[in-house]
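Take a look at the letters that make up each chain.
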Amino acid sequence: MTENRTPIVPADSVAIATAAKQLCEGSLVAFPTETVYGLGADATNGESVARVFAAKQRPQFNPLIVHVKDTAAAEAAARFNDTARKLADAFWPGPLTLVLPRLDDRISLLVSAGLDTLAVRVPGHPVAQELLAETGVPVAAPSANMAGCISPTAAGHVVFSLPGADTGGPGMILDGGPCTVGIESTVVDLSAAAPILLRPGGITTEDIEAVIGPLAQPSAPNSEVPKSPGMQDRHYAPVLPIRLDATNARPGEAFLGFGPKAPDDAINLSLTADLSEAAANLFSMIRTLDGLPFEAIAVMTVPDQGLGRAINDRLRRAAQPLPTKPKDVCS
Ligand code: AMP
Ligand code: MG
């Protein structure tokens, strides 16, 4: 990695306003929350969200947590139920993330990696609060570190862990001092019949159970209770079969192109072969084609480098036949 010259700026009102402007213009900004420092992107801008995955060099599209300024903004982004309201009243702003059905279509599907659910949180850190109020948009923000490294709990850690602004990293790092909680938020999935603890974190299980009763615990892979959403079958899987490395559409197939060599009439992940643009389009284009009267979706080869690795990981999993696919069940 080249030397990171991203400015670390004390988070006064001027710096926060500058950061908000950068976010709204599509740049990434690292900012403090009470849990860890986050790498923020405008959640409604698919290409900015794609740049988060690229900067972190995540090999997969794990869903990201969307940060909003208050419960009202969270209720505009995701569908709340009574349990969600109780938890929001008890613990927000604070280190608790709720997974709920998606509501706001402006939020990029890449944020939730194609899932029908959205993870939302109202952070309590005053800098995060002011930044979210200034931007007026939901901000997707995973921890501001390279995939596989430990989460940053001070502004200086971010510089060591991420590329600089000139090589795809954040345009600036807001310095709000050390994080007071220092571990990630607790993630509770409220999108199924019973609440499930997806990740232990800053709010204890006991405190949550005191408000809403028992939580189902995460358990072994392939069990009924999902552990990590990226690995689960409940991750959005197209109904239509997917054929990879296609060069043209066979009869009955929809065609998803990539780059300038794709046929002119194909839906194209990116005409200019830009992997960020392709990542931003991936889930919404597959959903569109999946809803049309075709028998299969043929997808052109996407280069297996940078964000292309995460795109191919997702495509390969989507291409695996699932015995429980709706088409098999209904036929
Ligand atoms: P991080 O990237 O460190 O901020 O972690 C985000 C956490 O939230 C991960 O554990 C994700 O699996 C979880 N998460 C985010 N969105 C969802 C979702 N829609 N469904 C389930 N878990 C989610
Ligand atoms: Mg993380």
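Residues numbered from 1 in each chain as written. Chains lettered and ligands numbered in written order. Predicted model: local features only at pLDDT ≥ 70, side-chain atom pairs only at ≥ 80, totals over all residues. Heavy atoms only, no water.

Draft legend 1. Focus on the overall build of the chain. Along the chain, the regular secondary structure elements total ten helices and 14 strands. Over its C-alpha trace the chain gives a radius of gyration of 20 Å, about what one expects of a compact globule, namely 20 Å for 331 residues. The principal-axis extents of the C-alpha atoms in the chain amount to approximately 60 × 50 × 30 Å. Taken over 331 residues, the chain has a buried fraction of 53%. Here the analysis covers contacts within the chain between residues at least 6 apart in sequence; of these, 68% occur between residues at least 24 apart. Carbon and sulfur atoms form 54% of the exposed surface of the chain, whose accessible area is close to 14500 Å². Where the 25 positive side-chain charges of the chain centre and where its 35 negative ones centre are 4 Å apart. (Helix = DSSP H or I, 4+ residues; strand = E, 2+ residues; numbered from the N terminus. Rg over C-alpha atoms; globule rule 2.2 N^0.38 Å. Buried < 20%, exposed > 50% of the residue type's maximum accessible area, 1.4 Å probe, protein only. Contact = heavy atoms within 4.5 Å. Areas by Shrake-Rupley, 256 points an atom, 1.4 Å probe, with all protein chains shown as cover. Lys, Arg positive; Asp, Glu negative; His and termini not counted. Charge placed at Lys NZ, Arg CZ, Asp CG, Glu CD.)

Draft legend 2. The sheet that holds strand 14 (residues 296–299), seen in detail. Strand order across the open sheet formed by four strands is 11-14-12-13, with parallel pairing between neighbours. Sheet topology places strand 11 (242–243) and strand 13 (267–268) at the edges, where each strand pairs with a single neighbour. Relative to strand 14, strand 12 (residues 253–257) is paired through four bridges, and the arrangement is parallel. The residue bridging Glu253 from the neighbouring strand is Ala296, located in strand 14. In the packing of helix 8 (residues 275–290) onto the sheet, the strands contacted are strand 11, strand 12, strand 13 and strand 14, and the crossing angle to strand 12 comes to about 165°. (Pairing = 2+ DSSP bridges. Axes fitted to C-alpha atoms, helices over the stretch in contact; angles between N-to-C directions.)

Draft legend 3. Examining the nonpolar core more closely. Ranked by internal contacts, the top residues of the largest apolar core, which has 78 residues, are Phe61 and Leu98. In terms of residues, this core owes the most to one element, helix 8, which gives eight residues. Ranked by size, the runner-up nonpolar core spans 15 residues in total, among them Ala19, Val127, Ala128 and Ala141. (Core = buried A, V, L, I, M, F, W, Y, C linked by side-chain atoms within 4.5 Å.)

Draft legend 4. Broad picture of the packing of aromatic side chains. Evaluation of the coordinates by the stated rule reveals three aromatic pairs. Members of the aromatic cluster, each reached through a chain of ring pairs, are Phe53, Phe61 and Phe283. (Phe/Tyr/Trp six-rings, centres within 6.5 Å; stacked < 30°, edge-to-face > 60°.)

Draft legend 5. How the structure looks around the pairing of strand 10 (residues 196–199). Sheet topology places strand 9 (residues 186–189) next to strand 10; three bridges connect them, and they run antiparallel. Residue Val187 lies in a different strand from strand 10, and its bridge partner there is Arg199. The hairpin formed by strand 9 and strand 10 contains six residues between the paired strands.

Draft legend 6. Spatial organisation of helix 8. Taking 1.5 Å per residue, 16 residues should reach 22 Å; helix 8 reaches 22 Å between its end C-alpha atoms and fits that length. Within helix 8, the axis deviates most sharply at Leu282, by approximately 45°. Burial analysis of helix 8 places twelve of its 16 residues in the buried class, the great majority of the element. Burial in helix 8 covers these residues: Leu275, Ser276, Ala278, Ala279, Ala280, Asn281, Leu282, Phe283, Met285, Ile286, Leu289 and Asp290. On its buried face, helix 8 sits against helix 2 (46–56), strand 11, strand 12, strand 13, strand 14 and helix 9 (307–319). The N-terminus of helix 8 is capped by Asp274, whose side-chain oxygen sits 2.9 Å from the backbone nitrogen of Ser276. (Expected span 1.5 Å × (residues − 1). Bend = angle between axes of the 7 residues up to and from the residue. Polar contact = N/O pair within 3.5 Å; in protein donor to acceptor, adjacent residues only side chain to side chain.)

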